[in-house]
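Now for the letters of each chain:
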Amino acid sequence: MLVTVRKSRTRSGSTVVRRRVGTTPADLLSPLEAETMAVLWRAPRCRVEDATVLVNDGRARQLSERTVATILRRLDAKGYATHEVDGRAFRYTAVVPEK
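Residues numbered from 1 in each chain as written. Predicted model: local features only at pLDDT ≥ 70, side-chain atom pairs only at ≥ 80, totals over all residues. Heavy atoms only, no water.

1. Brief notes about the overall build of the chain
When its secondary structure is counted, the chain shows 3 helices and 5 strands. Moving toward the C terminus, one meets the helices and strands of the chain in the order β-β-α-β-α-α-β-β. Contacts spanning at least 24 positions in sequence make up 43% of the contacts within the chain whose residues lie at least 6 apart. (Helix = DSSP H or I, 4+ residues; strand = E, 2+ residues; numbered from the N terminus. Contact = heavy atoms within 4.5 Å.)

Pasting the structure below:
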């Protein structure tokens, strides 16, 4: 099933993600992006270092911190997550609800 996501900006500058009814956000993401979103849903305001530890928990093949940072940045660009600056670190939070 091909599903398209449309991301648009409102006049106030906020991002709106529209998706087909009956799909969950995890259906529209790659497996690794969905796994990372699950971490953001469990641990909001998560730093890259913390997300890396949580994503790698129980994985046979560990992901580097740089890989997780790239995934988080892509989720932010797609409108699924947002970030705030905390000193020199970014804290990521899920924008789209889990269900």
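Having put the structure on the table, let's press on.
2. Digging into the nonpolar core
The biggest cluster of nonpolar side chains holds 21 residues, and the ones touching the most others in it are Leu-29, Met-37, Leu-40, Ala-51, Leu-72, Leu-75 and Tyr-80. When sequence neighbours within four positions are dropped, the list of residues in contact with Leu-72 reads Thr-36, Leu-40, Val-48, Ala-51 and Tyr-92. (Core = buried A, V, L, I, M, F, W, Y, C linked by side-chain atoms within 4.5 Å. Buried < 20%, exposed > 50% of the residue type's maximum accessible area, 1.4 Å probe, protein only.)

3. Here we look at the packing of helix H1 (residues 31–42) against helix H3 (residues 65–78)
Between H1 and H3, the shortest axis-to-axis distance is 10 Å and the interhelical angle comes to 85°. The orientation of H1 relative to H3 falls into the category roughly perpendicular. Contacts between H1 and H3 involve Leu-32, Glu-33, Thr-36, Met-37 and Leu-40 from the first element and Ile-71, Leu-72, Arg-74, Leu-75 and Lys-78 from the second. When grouped by side-chain class, the residues that make up the contact of H1 with H3 number 6 nonpolar, 1 polar and 3 charged. (Axes fitted to C-alpha atoms, helices over the stretch in contact; angles between N-to-C directions. Parallel < 35°, antiparallel > 145°, perpendicular 65-115°, else oblique. Nonpolar A, V, L, I, M, F, W, Y, C, P; charged D, E, K, R; others polar.)

4. Concerning the side chain of Arg-91
Position of Arg-91 among the secondary structure elements: in strand E5 (residues 89–94). Owing to a relative accessible area of 19%, Arg-91 belongs among the buried residues under this scheme. A polar side-chain atom of Arg-91 sits 2.9 Å from the main-chain carbonyl oxygen of Arg-45. Sequence-distant contacts of Arg-91, defined by excluding residues within four places in its chain, comprise Arg-45, Cys-46, Arg-47, Thr-82, His-83, Glu-84 and Asp-86. (Polar contact = N/O pair within 3.5 Å; in protein donor to acceptor, adjacent residues only side chain to side chain.)

5. A few points about the sheet that holds strand E4 (residues 81–86)
Strand order in the open sheet formed by 3 strands is E3-E5-E4, with antiparallel pairing between adjacent strands. Both outer strands of the open sheet, strand E3 (46–47) and E4, are each paired with one neighbouring strand and no more. In this sheet, E5 lies alongside E4 in antiparallel orientation, the contact comprising 6 bridges. Residue pairing across strands places Thr-82 opposite Thr-93, the latter belonging to E5. Those strands touched by H3 are E4 and E5, and its axis lies near 115° from that of E4. (Pairing = 2+ DSSP bridges.)

6. Some details on the packing of helix H2 (residues 48–56) against H3
At a minimum axis separation of 9 Å, H2 and H3 run at an interaxial angle of 105°. With respect to each other, H2 and H3 are oriented roughly perpendicular. When H2 is examined against H3, the residues Val-48, Glu-49, Ala-51 and Thr-52 are found in contact with a partner set consisting of Glu-65, Val-68, Ala-69 and Leu-72. Classifying every residue of the contact of H2 with H3 by side-chain character gives 5 nonpolar, 1 polar and 2 charged.

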